Structures are given as structure tokens and as C-alpha cells.
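What the coordinates show
What follows is the residue order along each chain.
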Amino acid sequence: MPPSTASTPDDPADPDPKFADVSPTDLVKVGFVFRPHGLEGELKVDPSATDDPARFETLPAVFLGAQPHRVTRHAVLSVRYQQTKRGTTVILGLEGIADRDAAETVAKMDVFATEAALGLEDDELFADDLVGWTVVTEDGSVQGTVANFMEMPAQDLFVVRTPGDAEAMIPAIDDFIVEIDEEAERIVVRPIDGLMDA
């Protein structure tokens, strides 16, 4: 009998990879694969979905995929950092991705980790969790919805899609953010003149 050639979760180059047996509800997005880094299979990862890029150092494994219900599992082999104009980029080495060709197959995929591996508290949120939440002022006036969260060198920013389909930037600092209401999935802000005029 010929040896088995069945693919494994750590073989992203396989045309029919075996997806990890993990519930999508147990996964939290922690990054996004920009592109390969070098020739040894390392990945350049945007960690802005997390509150701290150093969290990658504590993860035994991550999951890669375009959606959380179709992911492959990869043990974390190495974590290092690169400073860019956009902030910190994580250079991630993963089991099963050993060369640039393999790394190309997972470019533009999201990076997930389990809640258990992250050690999240019950009331702890990642910035990515806030996308889609309603943004209101203290008097209840709806300003739009959170479209994105940007980690910038000076200060982090919420990108808000206004009712007029424009984008406005709100600094993620106490001067502007009054309350993050998890139950209502809304962020209460204290606008300054011109802040939400977009």
C-alpha cells in the first residue's frame, strides 16, 4: 500500500487543506497577513487587531484563514518585530510554512487565536470586536458605525462611517471616548468641533 498523502492542518500549500477542528466562536482575530518576509516562510503580520503585539509571543499556535470557520492551525515557531511608519509589524514564523511559496498561499489571510490561548478576561475586548458598533454622542445622537480601528504611532484611531457615508476619525483616548457599552454594542463619544464634520 502506498504511503498516505493526506494533507495536514499545517500544509497551507495543499489544494485541499484539512481545516482545523475549532469552533469559530472560540477564535479571536489577532492580525492580518500582509505578505511573505524573506525566503524562509516568515510572514509579515499586521497586529493592529490586538491591544499589544507582544501577545503573539505567548501563543502556542495561530489559525489562518479568510473566515474563522475555515482555518488551518500552525504552531508558532518565532516572533520578532519590525518598526514601520504605520507602527509595529510582527514577523511570524509558523510550523508548516517553510518557504516563500508556502507563505504566498496564506498572504492576505486573517490570523486568529483561541480565547483560551489569549487568556482574555470575560469583559476584555479587542479593537476588532468593536467594528460594526454604533457611535453616539452623550446626548444619544447617532454619529455612525465603527468601520475600522487604526493603530498609529501618535495615537490609535477609530474610523467611523457616518450616516452620510463619509469617514471620520476619532482618537481612541479618554478625552473623546466616554463609554464603551458592550451590552448595547455602542461607543459613546464626546465630540469636539469639527471632529465629526466629515
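Per chain, residues are indexed from 1 in the order of the written sequence. Reporting of local features is limited, given that this is a predicted model, to residues whose pLDDT is at least 70; pairs of side-chain atoms are given and counted only at 80 or more, and all residues count toward the totals for whole chains, interfaces and linings. With hydrogens and water set aside, each side-chain value is computed from the structure's full complement of heavy atoms.

Some words on the environment of Thr-50
Each helix is a run of DSSP H or I of at least 4 residues and each strand a run of E of at least 2, with the numbering of both proceeding from the N terminus. The topology assignment puts Thr-50 in the loop between strand E2 (42-46) and strand E3 (61-67). When a residue's accessible area, from a 1.4 Å probe over protein chains only, is under 20% of the maximum for its type it is buried; when over 50% it is exposed; and in between it is partly exposed. Looking at Thr-50, the relative accessible area reads 3%, which means it is buried. Taking the C-alpha atoms as reference points, Thr-50 and Val-28, separated by 22 residues in sequence, lie 9.3 Å from one another. Contacts described as polar in this section are N or O atom pairs within 3.5 Å, which, within protein, must combine one atom able to donate a hydrogen with one able to accept it, while residues neighboring in sequence count only if both atoms come from side chains. Polar side-chain contacts of Thr-50 include one of 2.8 Å to the backbone oxygen of Pro-47. Separated by 3.3 Å, the side chain of Thr-50 and the backbone nitrogen of Asp-52 make a polar contact.

Brief notes about the sheet that holds strand E9 (residues 157-161)
The rule for pairing is simple: two strands pair if DSSP sees at least two bridges between them. Ordered by their spatial adjacency, six strands build an open sheet running E10-E9-E8-E7-E12-E11, and the pairing between neighbours is mixed. Of all strands in the sheet, those bounded by a partner on one side alone are strand E10 (167-171) and strand E11 (177-181). Strand-to-strand twist of the sheet, defined as the mean angle between neighbouring strand axes without regard to direction, takes the value 35°. For strand E7 (residues 134-137) and strand E12 (residues 186-189), the ladder comprises four bridges, and the chain directions are parallel. Only the stretch in contact is used when a helix axis is fitted, and all axes are lines through C-alpha atoms; the angle between N-to-C directions ranges over 0 to 180 degrees.

Here's the deal with the environment of Pro-191
Structurally, the position occupied by Pro-191 is in the segment after E12. By relative accessible area, which is 39% here, Pro-191 ends up partly exposed. Expressed as a C-alpha distance, the spacing of Pro-191 and Val-136, which sit 55 residues apart in the sequence, is 9.5 Å.

Thoughts on the confidence of the model for the protein chain
Detailed reading of the predicted coordinates is not advisable wherever pLDDT falls low. Summing up the model confidence of the protein chain, the mean pLDDT is 84 and the portion of residues at 70 or higher is 82%. Every residue gets a pLDDT, meaning the predictor's confidence in that residue, from 0 to 100. In what follows, a contact means two residues having at least one pair of non-hydrogen atoms within 4.5 Å. Note on residues 1-15: pLDDT under 50 across the span, and 23 contacts to partners over four residues away in sequence or across chains.

What about the packing of aromatic side chains?
Here the aromatic set is Phe, Tyr and Trp, taking the six-membered ring for Trp, and pairing holds for ring centres within 6.5 Å; pairs whose planes are under 30 degrees apart are stacked, those over 60 apart are edge-to-face, and all others are tilted. As enumerated under the stated definition, the model contains one aromatic pair in all. Taking 6.2 Å as the distance between ring centres and 85° as the angle between the ring planes, the aromatic pair formed by Phe-32 and Phe-34 counts as edge-to-face. Since its relative accessible area comes to 14%, Phe-34 is described here as buried.

A word on the side chain of Glu-42
By secondary structure assignment, the location of Glu-42 is in strand E2. Residue Glu-42 is classed as buried on the basis of its relative accessible area, which comes to 14%.

Details of the nonpolar core
What we call a nonpolar core is a set of buried Ala, Val, Leu, Ile, Met, Phe, Trp, Tyr and Cys residues that are connected through their side-chain atoms within 4.5 Å. Of all hydrophobic cores here, the largest spans 20 residues; its most connected members are Leu-43 and Leu-64. At the level of secondary structure, the elements contributing two or more residues to this core comprise strand E1 (27-37), E2, E3, strand E5 (87-94), helix H1 (100-104) and strand E6 (110-114). With residues near it in sequence (within four places) discarded, Leu-64 still touches Val-33, Leu-43, Arg-70, Val-71, Thr-72, His-74, Leu-94, Ile-97, Val-106, Met-109, Asp-110 and Val-111.

Let's talk about the pairing of E2
Among the five residues in E2, four count as buried, and that is most of the element. As paired elements, E1 and E2 share five bridges and run antiparallel to each other. Paired with Arg-35 across the two strands is Lys-44, which belongs to E2. A loop of four residues connects E1 with E2, the two strands running antiparallel in sequence, and Gly-38 in this loop sits at a positive phi of about 75°.

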